[in-house]
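# Geometric and topological summary
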Amino acid sequence: MQDTFTIHPLRVGTIQRKKGNMAYQCLGDVLLEFPLITYYLEGNGHKIIVDTGGSIPEGERWQPYSRLEEEELDYALLAIGVLPEEIDLVILTHLHWDHAGNNRLFPNARFVVQKKELDYLLAPEPKIKAGFETDLVMETKYDTVDGDCEIIPGISVLLTPGHTTGMQCVVVKTASGQYVLGGDLITLFENWEAIPHIPGGVHYDLSVVMESLNKIDKLNAKVLPGHDPKVFERKIYP
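Residues numbered from 1 in each chain as written. Predicted model: local features only at pLDDT ≥ 70, side-chain atom pairs only at ≥ 80, totals over all residues. Heavy atoms only, no water.

It is worth spelling out the packing of aromatic side chains at this point. This structure, assessed with the given rule, holds five aromatic pairs. Aromatic side chains Y65 and W97 sit 4.8 Å apart centroid to centroid with 65 degrees between the ring planes, which places their arrangement in the edge-to-face category. One end of the pair, Y65, is in strand β4 (residues 65-66); the other, W97, is in the loop between β5 (89-91) and β6 (110-114), and 32 residues separate them in sequence. Summarising the aromatic geometry, the rings of F111 and Y142 are spaced 6.4 Å apart at their centres and angled 90 degrees between planes, so their arrangement reads as edge-to-face. Separated by 31 residues along the polypeptide, F111 in strand β6 and Y142 in the loop between α4 (134-137) and β7 (143-145) bring together distant segments of the chain. Accessibility assignment for this pair places F111 and Y142 in one class, buried. These aromatic residues form a ring-pair network of at least three members: W62, Y65 and W97. (Phe/Tyr/Trp six-rings, centres within 6.5 Å; stacked < 30°, edge-to-face > 60°. Helix = DSSP H or I, 4+ residues; strand = E, 2+ residues; numbered from the N terminus. Buried < 20%, exposed > 50% of the residue type's maximum accessible area, 1.4 Å probe, protein only.)

Given below as structure tokens:
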């Protein structure tokens, strides 16, 4: 059995943000729409989710943010013939509200996150934890990994800090080569396609982000970003 997977991007909501939030120093006050994206991976007997999308779009927090009924993650999975309880593995690029907001949907899954990411959330204040819905995220029991490692044959993670302390990218072996799921290290295609690469606009240390981008560059892999609508130009990446 070959250790290869197919990649299905799923749209699980829409946020409106300034372009500079997605691409550093791309300025402008106009709000643009960006999708929240979950990636569903299937192969080698596994059904895998990378990032679970945003929490419920109600109240003032995280606005402007919306989600259609068909963009509910369980609905989106059913539309491609997958039941949430069939998911056996969830990998979270990081624990921000828009990437780890629907963990509750997957009762039979093992959840994998970087140890540094979880340690940051568990650390006492006064560290600023903007972007995290901590109480919701901490309802999940996690398996932690410490740095780069293979999760299962064909699926690996790379520690790529800068956006958050424990940000990780997911490397997926497919029949057409390696893909990197960039999360919020690589938010848009144009970030990656630019030479030099354009970092995301939200980070705690620009130099650390650039080191992480260089790390991904050395893989010579294809990249699927964390918030670009162009990923939906294909329904499946073989």
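Two strands pair when backbone bridges link them, and strand β1 (residues 6-18) and strand β2 (residues 31-43) are joined in this way by 11 bridges, in the antiparallel orientation. In the sheet register, H8 faces β2, and the bridge partner there is Y40. As judged from the two bridges shared by β1 and β4, these two strands associate in the antiparallel manner. Across the sheet, the residue bridging to T14 is S66, located in β4. (Pairing = 2+ DSSP bridges.)

With that settled, the discussion passes to helix α6 (residues 206-217). Here α6 contains 12 residues, and its C-alpha end-to-end distance of 16 Å stays within 8% of the 16 Å for a straight helix at 1.5 Å per residue. Buried within α6 are the following residues: V208, V209, S212, L213 and I216. Each buried residue of α6 lies within a common arc of 140 degrees when the element is viewed along its axis, so the set occupies one face. Buried positions along α6 lie against β9 (155-159), β10 (168-174), β11 (177-181), α5 (189-193) and β12 (222-224). (Expected span 1.5 Å × (residues − 1). Arc of directions from axis to C-beta. Contact = heavy atoms within 4.5 Å.)

A few words on helix α3 (residues 115-122). Count 3.6 residues to each turn of an α-helix, and residues three or four apart come out pointing the same way. Looking only at α3, the buried set comprises E117, L118, Y120 and L121. All buried residues of α3 lie within an arc of 155 degrees about the axis, which places them on one face of the element. On the buried face of α3, the contacting elements are β6, α4 and β7.

This part takes up the environment of D51. Residue placement: D51 occurs in the loop between β3 (46-50) and β4. When its relative accessible area of 3% is taken as the criterion, D51 is described as buried. Measuring from C-alpha to C-alpha, the distance between D51 and I91 comes to 6.3 Å, with 40 residues separating the pair along the chain. Those residues within four positions of D51 in sequence are excluded, and the remaining contacts are I37, T38, I91, L92, T93, H94 and H99. Within polar-contact distance, the side chain of D51 engages the side chain of H99 at 2.8 Å. (Polar contact = N/O pair within 3.5 Å; in protein donor to acceptor, adjacent residues only side chain to side chain.)

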